[in-house]
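# Reading the structure
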Amino acid sequence: QVQLVESGGGLVQAGGSLRLSCAASGRTFGLYHMGWFRQAPGKEREFVAVISWSGGNTYYADSVKGRFTISRDNAKSTAYLQMNSLKPEDTAVYYCAADRALGGVSNLANLYDYWGQGVQVTVSS
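One structure accompanies this document, and this report is about it. (Residues numbered from 1 in each chain as written. Predicted model: local features only at pLDDT ≥ 70, side-chain atom pairs only at ≥ 80, totals over all residues. Heavy atoms only, no water.)

Looking at the element boundaries, S52 is found in the loop between β5 (46-51) and β6 (58-60). Residues contacting S52, with those up to four places away along its chain left out, are H33, N57, R72 and V105. (Helix = DSSP H or I, 4+ residues; strand = E, 2+ residues; numbered from the N terminus. Contact = heavy atoms within 4.5 Å.)

Structure, rendered in structure tokens:
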């Protein structure tokens, strides 16, 4: 069992930055690929970014490529999402998720085994 807790959300003006953190319980953090997803009001949950268990492989949604950076610190059992040049359309609840690394990284939410409770990010224009 892995428990995930997100933090770092808030209100920021367009063009600003935020860094989200996802702290995981347990000693098996390094066995999981870690992903970030988001859900805006009235929309489906969408993939944002993923990082492999080793940190050696990352993959981003086209909408955030070049602006967001995913990283992890396995010693601290924490994943991060650095968000720069934020836009109003980035406003959403952001969720981190853990995928047991039985295969390659994925952008499919149904392949993830554990989810955090979500954190609100609001970008004002």
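Picking up where we left off.
Overall, antiparallel pairing links the 4 strands, which are arranged β1-β3-β8-β7 in an open sheet. The outermost strands of the open sheet, each flanked by one partner alone, are β1 (4-7) and β7 (68-73). Along the sheet, successive strands turn relative to each other by an average axial angle of 15°, direction set aside. (Pairing = 2+ DSSP bridges. Axes fitted to C-alpha atoms, helices over the stretch in contact; angles between N-to-C directions.)

Here the focus is the state of the cysteines. In this structure the tally under the stated criterion is 1 disulfide. Each sulfur of the disulfide joining C22 and C96 lies 2.0 Å from the other. The disulfide joining C22 to C96 has a torsion of about 60° about its S-S bond and is therefore right-handed. Pair noted here: C22 is in strand β3 (residues 18-24) and C96 is in strand β9 (residues 92-100), with a separation of 74 residues, a long-range link. Both residues of the pair, C22 and C96, count as buried. (Disulfide = S-S within 2.5 Å. Buried < 20%, exposed > 50% of the residue type's maximum accessible area, 1.4 Å probe, protein only.)

Quick look at the pattern of salt bridges now. Counted under the stated rule, the structure contains 5 salt bridges. Taking the shortest distance from any N to any O, the salt bridge between D113 and R100 comes out at 2.9 Å. Highlighted residues: D113 in the loop between β9 and β10 (114-115) and R100 in strand β9, separated in sequence by 13 residues. Overall, the relative accessible area of 28% leaves D113 in the partly exposed class. Assessed through its relative accessible area of 43%, R100 is described here as partly exposed. Bridged by salt links that share partners, the residues R38, E46, R67 and D90 form one connected network. (Salt bridge = Lys/Arg side-chain N within 4 Å of Asp/Glu carboxyl O.)

Another aspect to go through is the environment of S21. By secondary structure assignment, the location of S21 is in strand β3. S21 sits 75 residues away from C96 along the chain, and the two C-alpha atoms are 8.7 Å apart. Residues within four places of S21 in sequence aside, it is in contact with V5, E6, S7, W36, T78, A79 and Y80.

Mapped onto the fold, R72 is located in strand β7. Look at R72: it is buried, it has no salt bridge, and the nearest opposite charge is D73 at 8.2 Å. (Lys, Arg positive; Asp, Glu negative; His and termini not counted.)

With that settled, the discussion passes to the nonpolar core. In terms of nonpolar packing, the biggest core is built from 36 residues, with L4, M34, W36, L81, M83 and Y94 touching the most fellow members. Among the elements of the structure, β3, β4 (32-39), β5, β7, β8 (78-83), β9 and β11 (119-124) are those that each provide at least two residues to this core. (Core = buried A, V, L, I, M, F, W, Y, C linked by side-chain atoms within 4.5 Å.)

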